[in-house]
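# Examining the three-dimensional arrangement
Residue-level listing of the chains:
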Amino acid sequence: MIQMFNVSKTYSNGVKALLDVSVRIQKGSFVFLVGPSGAGKSTFIKLLFREERPSGGQIIFNGRSLIRMRDKDVPHLRRQMGVVFQDFRLLPKKTVFENVAFAMEVVEGPVKKIRQRVPQVLDMVGLGSKANLYPHQLSGGEQQRVSIARAIVNDPMLIIADEPTGNLDPETAKEIMDLLLDINRRGTTIIMATHARDIVDSMRQRVIAIEGGRVVRDEERGSYEKEKDTET
Ligand SMILES: Nc1ncnc2c1ncn2[C@@H]1O[C@H](COP(=O)(O)OP(=O)(O)OP(=O)(O)O)[C@@H](O)[C@H]1O
C-alpha cells in the first residue's frame, strides 16, 4: 500500500531529516516507527500525509505518486488516512459527538449518515455514553479515544499515530493499544511512531528503526532496541 524509494528530506534550514529511506508497507499491517528524538519519525509521517514533500525519491500510496500529486488532490488523499496525535487535538468547544461528526462534515458526509455512523464509532471506542460531554470533562484516555473515533469515522485505509500514548499512564496506554490493535484486525493499516519501549516489546509487530534520518533496522516481529547477539 505504501512504497518509499530512496526518499530524502532536507528542510529549508539545511537539516537533513531523512536520507535514502526505502520501505514497503503492506495493506493491513501494523508498523512501529522507533528511534531517538530528532531521528526523523515525524518527518516520515508528514511525508505520508503530504504535509511535507520529499527533497528526493518517490512515495507511492495506494498506487498513486505523492510526488506528482497535485495540491488539489491532497484532500482526497487525506480522506483515506486518519491521524492521531499525542496531544489529542480535539475542538474544546464541541462535544464528543460534534468532534467526531466534524470529521465527516468536512468531507461532506450526508447528515443522515453522520447521525448513524458517529454513535456506531463512539460505541466501538467505548464512549457510547459520553457523546454529549466536552473534551475537558474527559480523562486523557477518553480524549484519545475520541481522537481515534474521529480518525476512523470516515473508514480510512491507514491510521497514522504519532506518539498516541505519550500523554497517558501505562494502563490507559495499554487500553489505547488494544483499541488500535482491534482496528488493525478489522483491516486498517496502522503506522505508529513511539518511544514506548514496553508497548513495542510486548506487541511484537513490525519495527522500523530510524536513526539520523536513515532506516537502521526493519524487523517483522521486532523489539524497541536491537536484540543482543546471543552468540559469543
Ligand atoms: N519544519 C522543520 N524545519 C526544519 N527542521 C526540521 C523541521 N521539522 C523537523 N526538523 C528537524 O528534522 C530532524 C528530524 O525531526 P523529526 O521531527 O522528524 O524527528 P522525530 O524522530 O519525530 O523526533 P521526536 O521523537 O522528538 O518527535 C530534527 O533535526 C528536526 O530538528
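Residues numbered from 1 in each chain as written. Predicted model: local features only at pLDDT ≥ 70, side-chain atom pairs only at ≥ 80, totals over all residues.

As recorded in an unreviewed UniProt entry, the protein goes by the name Cell division ATP-binding protein FtsE, listed as coming from Heliorestis acidaminivorans. Under the UniProt heading Function (unreviewed entry), the entry covering the protein gives this text: "Part of the ABC transporter FtsEX involved in cellular division." A UniProt comment under Subunit (unreviewed entry) is attached to the protein, and it reads "Homodimer. Forms a membrane-associated complex with FtsX." (UniProt positions renumbered as here; feature names shortened; annotations may be inferred.)

## What about the environment of Ser42?
In this fold, Ser42 is placed in helix H1 (residues 41-48). Overall, the presence of 17 C-beta atoms within 10 Å leaves Ser42 in the partly exposed class. Counting along the chain gives 119 residues from Ser42 to Ala161, while the straight-line C-alpha distance between them is 9.9 Å. Those residues in contact with Ser42, other than ones at most four positions away along the chain, are Asp162 and Ala193. (Helix = DSSP H or I, 4+ residues; strand = E, 2+ residues; numbered from the N terminus. Buried ≥ 20, exposed ≤ 12 C-beta atoms within 10 Å, placed from the backbone. Contact = placed C-beta atoms within 7 Å.)

## Observations regarding the site of the ligand
Inspection of the region around the ligand gives Tyr11, Asn13, Val15, Ala17, Gly35, Ser37, Gly38, Ala39, Gly40, Lys41, Ser42 and Thr43 as its neighbouring residues. No other element matches H1, which puts 3 residues into the shell around the ligand. Of the residues that constitute the shell around the ligand, the class distribution is 4 nonpolar, 7 polar and 1 charged. (Near = placed C-beta within 6 Å. Nonpolar A, V, L, I, M, F, W, Y, C, P; charged D, E, K, R; others polar.)

## A look at the domain arrangement of the protein
A common measure of how large an interface is: the accessible area buried when the components associate. Its domain assignment divides the protein into domain 1 (1-9 + 17-80 + 156-225) and domain 2 (89-155). Between domain 1 and domain 2, the residue contacts involve 11 residues of the former and 11 residues of the latter. Looking at which element gives the most residues to the side of domain 1 that touches domain 2, the answer is helix H6 (residues 170-185), with 5 residues. (Domains from an automatic or database assignment.)

## Describing the sheet that holds strand S6 (residues 81-85)
Strands in a sheet are paired, the pairing made by backbone hydrogen bonds, and the direction either parallel or antiparallel. Read from one edge of the open sheet, 6 strands run S6-S7-S8-S3-S9-S10, paired in mixed fashion. Each having just a single partner strand, S6 and strand S10 (214-219) make up the two edges of the open sheet. On average, adjacent strands in this sheet sit at an angle of 15° to one another, irrespective of strand direction. Bridge count for S6 against strand S7 (residues 158-162) is 5 bridges, and the pairing is parallel. (Pairing = 2+ DSSP bridges. Axes fitted to C-alpha atoms, helices over the stretch in contact; angles between N-to-C directions.)

## Brief notes about the sheet that holds strand S1 (residues 2-10)
Spatial ordering of the open sheet is given by S2-S1-S4-S5, a layout of 4 strands whose pairing is antiparallel. Each end of this open sheet is capped by a strand with a single partner; those strands are strand S2 (16-25) and strand S5 (64-65). Pairing analysis gives 2 bridges linking strand S4 (residues 56-61) to S5, with the strands arranged antiparallel. In the sheet register, Phe61 faces S5, and the bridge partner there is Arg64. H1 rests against S1, S2 and S4 of the sheet, and its axis sits at about 120° to S1.

## Considering the confidence of the model for the protein
Overall, the prediction assigns the protein a mean pLDDT of 94, with 98% of residues at 70 or greater. Confidence estimates for the predicted assembly give a pTM of 0.92 and an ipTM of 0.95. (pLDDT = per-residue confidence, 0-100.)

## What about H1?
Within the sequence span of H1, burial applies to Lys41, Thr43, Phe44, Leu47 and Leu48. One side of H1 holds all its buried residues, which, seen down the axis, span an arc of 165°. Note on H1: the residue one or two positions beyond its end, Arg50, has a positive phi of about 60°. (Arc of directions from axis to C-beta.)

## Considerations on unusual backbone geometry
Here the phi dihedral of Asn6 falls at roughly 45°; this positive angle occurs in a residue that is not glycine. With respect to the secondary-structure elements, Asn6 resides in strand S1. Positioned with a positive phi, Asp155 is a non-glycine residue whose angle comes to about 55°. Among the residues examined, Asp155 registers 13 C-beta atoms within 10 Å and is labelled partly exposed.

## Considerations on the pairing of S1
Two elements, S1 and S2, share 6 bridges in a ladder whose sense is antiparallel. Along S2, the bridge assignment pairs Lys9 with Leu18. With antiparallel pairing between neighbouring strands as the criterion, S1 and S2 make up a hairpin whose turn holds 5 residues, including Gly14 at a positive phi of roughly 95°. With 5 bridges joining them, S1 and S4 adopt antiparallel strand pairing. Paired with Phe5 across the bridge in S4 is Gln58.

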